[in-house]
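Chains, contacts and geometry: an overview
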Amino acid sequence: AEPNAHVYGAALSACALGRDGDRARQILSEAAAHDECADVVTYSSAILACARAGMMEQAVSILDDMQDAGVQPNAFTYAALVEGYGVVRDAQKAMEAFELCSESRSAQLYSALFLALGTCGNGVSALRYLNELREDESVPTINAYNYCCVLRAFERNRPTPLWREALALLRSWDSEWTSVASRRPPLAAYNTALHACAGAGQLTAVETLIDEMRKVQVRPDSNTYDSLFRAYAASGAGLGDESFELFQRLMDTGKGYTPTPYTYAHLLNAFSADSDVRGARAVWTYMQESGVPPCVHSANAMIRVFMSAERYDDALRFYDRHFIGDVVDANKKKQAEGDDLTEVELQQILTMAEKDAVVDISMTRARLMPNDTTRSLVYMVCERGASDAARAQRILAVAAPIGYV
């Protein structure tokens, strides 16, 4: 039997879910060769697949083909474009794509814009569009997801989270949340607002909001407590001991509290404010004894503690013990984690670090791949006073031109 528009639409939806833009383009080409099979759903799904893969030139090209074929884009089409510009972190293009849909805007289209602006750290624009949404009569219903997306944009706003705006929106449930969702904000909304406050170092606001959650019987989870530990660290008040003591009490309660991959990083960062290497090492030891392997975030935090204490050689020794290479390209990560990594490829990675020791492949696989934060920290360690001047110069020479400063 010949496939019809529904079959092609389902196949393209699967491509969108799998972020497979290349396959989506092949399927769309086949659908376009059959009469009446390339409709607004198939075109829009193909655009979404390319957008989620970050293939924005191809997504825009499909939009042009769509219009040339006489198929009118709808709100779903533009939502796909907006989402894609969020993937590639282009807030301006996301807003321009949103504005292309001048009629019949949907709650989904607004949510795509809020998510894109959140990814780009542009909470100010998200607030402007939220106010527009409140007055947009073409959108029949503002849903709770819209508000959660706006909160995410506030939390990710740069350079500083819009924590006051996040609290104001969260606390507006009597006039907004209850009317759109018939209930109070979900736990995820509270956690996003908490992280907005924590990212701004507003410890008191975090503690107050957690108390409010308990009063309305919204039970804190691990992410909630992560926001508290993050606030301890971001407050800059040297509250490492207090943060770690609270963490240990939670672990001792036996009520199912489970740390997240970021928890130990927040705990370690709390000790960097007063350069407390002893306290940070106690956290690191606790983590190891609990059977929790280090991740790049916790390891970066430990380097940050050494650096704040001006123990630059200790920072480099820690780096050598836990990371692969000095300045490894980020796109090596996938290759380094693959089963087909050869000894030659591994040696090429390690050669960048000017290592002379014989490589044990099994040990190297267990070590961490540095991210951009790692590289920036190592750059600063070398710049500020690591004693291995020759090595520092090698790192600086490679790191500076590619933006690790």
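Further up the page is the structure itself.
Notes on the structure in this doc start here. Remember, predicted model here, so these are calculated numbers, not experimental data. (Residues numbered from 1 in each chain as written. Predicted model: local features only at pLDDT ≥ 70, side-chain atom pairs only at ≥ 80, totals over all residues. Heavy atoms only, no water.)

Quick look at the overall build of the protein chain
- Helix and strand counts for the protein chain come out as 24 helices and 0 strands.
- Among the 405 residues that make up the protein chain, the fraction classed as buried is 48%.
- The long-range share in the protein chain, meaning contacts at least 24 apart out of those at least 6 apart in sequence, stands at 66%.
- Only carbon and sulfur atoms are counted for the fraction: they give 48% of the accessible area of the protein chain, which is about 19,700 Å². (Helix = DSSP H or I, 4+ residues; strand = E, 2+ residues; numbered from the N terminus. Buried < 20%, exposed > 50% of the residue type's maximum accessible area, 1.4 Å probe, protein only. Contact = heavy atoms within 4.5 Å. Areas by Shrake-Rupley, 256 points an atom, 1.4 Å probe, with all protein chains shown as cover.)

Re unusual backbone geometry
- Cis geometry marks the peptide bond from Arg158 to Pro159; its omega dihedral reads 10°.
- With respect to the helices and strands, Pro159 occurs in the loop between α9 (144–156) and α10 (163–170).
- Within the chain, Arg19 stands out as a residue other than glycine whose phi angle is a positive 55°.
- Among the residues examined, Arg19 registers a relative accessible area of 53% and is labelled exposed.

Comments concerning the packing of helix α3 (residues 40–52) against helix α5 (residues 75–87)
- One can describe the packing of α3 onto α5 by two numbers: an axis separation of 8 Å at closest approach and a directional angle of 5°. For the element pair α3 / α5, the angle class is roughly parallel. For the pair α3 and α5, contact is made by Val40, Ser44, Ser45, Ile47, Leu48, Ala51 and Arg52 and by Phe76, Thr77, Ala80, Leu81, Glu83, Gly84 and Val87, respectively.
- Broken down by class, the residue content of the contact of α3 with α5 amounts to 8 nonpolar, 4 polar and 2 charged. (Axes fitted to C-alpha atoms, helices over the stretch in contact; angles between N-to-C directions. Parallel < 35°, antiparallel > 145°, perpendicular 65-115°, else oblique. Nonpolar A, V, L, I, M, F, W, Y, C, P; charged D, E, K, R; others polar.)

Some details on helix α17 (residues 277–289)
- Compared with an ideal rise of 1.5 Å per residue, which puts 13 residues at 18 Å, α17 spans 18 Å between its outermost C-alpha atoms and is within 8% of the ideal.
- For α17, every residue scored as buried is listed here: Val277, Gly279, Ala280, Val283, Trp284, Tyr286 and Met287.
- Buried residues in α17 make contact with α15 (240–252), α16 (263–272), α18 (296–308) and α19 (312–322).
- Gly291 lies just past α17 and shows a positive phi near 80°. (Expected span 1.5 Å × (residues − 1).)

Quick look at helix α13 (residues 203–215)
- For α13, built from 13 residues, the straight-helix expectation of 18 Å at 1.5 Å per residue is met to within 8% by its first-to-last C-alpha distance of 19 Å.
- Those residues of α13 that sit buried are Leu203, Ala205, Val206, Leu209, Ile210 and Met213. An end-on view of α13 places all buried positions within 160° of arc, on one side of the element. The exposed residues of α13 that point more than 90 degrees off its buried face are Thr204 and Lys215. (Arc of directions from axis to C-beta.)

Digging into the pattern of salt bridges
- Overall, the coordinates contain 12 salt bridges when judged by the stated rule.
- In this structure, Glu99 and Arg105 form a salt bridge, with 3.1 Å as the shortest nitrogen-oxygen distance.
- Judged by its relative accessible area of 11%, Arg105 is buried.
- One salt bridge connects Asp211 with Arg214, and the closest N-O pair in it is separated by 3.5 Å. Placement of both Asp211 and Arg214 in helix α13 is noted, with a separation of 3 residues, approximately one turn of the helix.
- Given a relative accessible area of 44%, Arg214 falls into the partly exposed group.
- Bridged by salt links that share partners, the residues Glu99, Arg105 and Glu132 form one connected network. (Salt bridge = Lys/Arg side-chain N within 4 Å of Asp/Glu carboxyl O.)

Remarks on the nonpolar core
- Val82, Phe114 and Phe229 are the most contacted members of the largest nonpolar core, which has 119 residues in total.
- Those residues in contact with Phe229 that sit more than four places away from it in its chain are Ser243, Leu246, Phe247, Leu250, Tyr257, Thr263, His266 and Leu267. (Core = buried A, V, L, I, M, F, W, Y, C linked by side-chain atoms within 4.5 Å.)

Thoughts on the packing of aromatic side chains
- Counted under the stated rule, the structure contains 13 aromatic pairs.
- Ring centres of Phe247 and Tyr257 lie 6.2 Å apart, and the angle between their planes is 80°; this geometry places the pair in the edge-to-face category. With Phe247 in helix α15 and Tyr257 in the loop between α15 and α16, this residue pair connects regions lying 10 residues apart in the sequence. Like Tyr257, Phe247 is buried. (Phe/Tyr/Trp six-rings, centres within 6.5 Å; stacked < 30°, edge-to-face > 60°.)

Let's talk about the packing of helix α12 (residues 187–199) against α13
- Where α12 contacts α13, the two axes come as close as 9 Å, and the packing angle between them is 165°. The pairing of α12 with α13 is recorded here as roughly antiparallel in orientation. For α12 against α13, the interelement crossing comes out right-handed. Along the contact surface, α12 presents Leu187, Tyr190, Ala193, Leu194, Cys197 and Ala198, while α13 presents Ala205, Val206, Leu209, Ile210 and Met213.
- Here the contact of α12 with α13 is composed, by residue class, of 11 nonpolar, no polar and no charged. (Left-handed = near helix turned anticlockwise from the far one by under 90°.)

Things to note about the environment of Thr208
- Position of Thr208 among the secondary structure elements: in helix α13.
- For Thr208, a relative accessible area of 35% puts it in the partly exposed group.
- Sequence separation between Thr208 and Leu194 is 14 residues, and the spatial gap between their C-alpha atoms is 9.8 Å.
- There is a polar contact of 2.9 Å between the side chain of Thr208 and the backbone oxygen of Thr204. (Polar contact = N/O pair within 3.5 Å; in protein donor to acceptor, adjacent residues only side chain to side chain.)

Considering the side chain of His322
- Along the chain, His322 falls in helix α19.
- Apart from the residues lying within four places of it in its own chain, the contact partners of His322 are Trp284, Pro294, Arg367 and Leu368.

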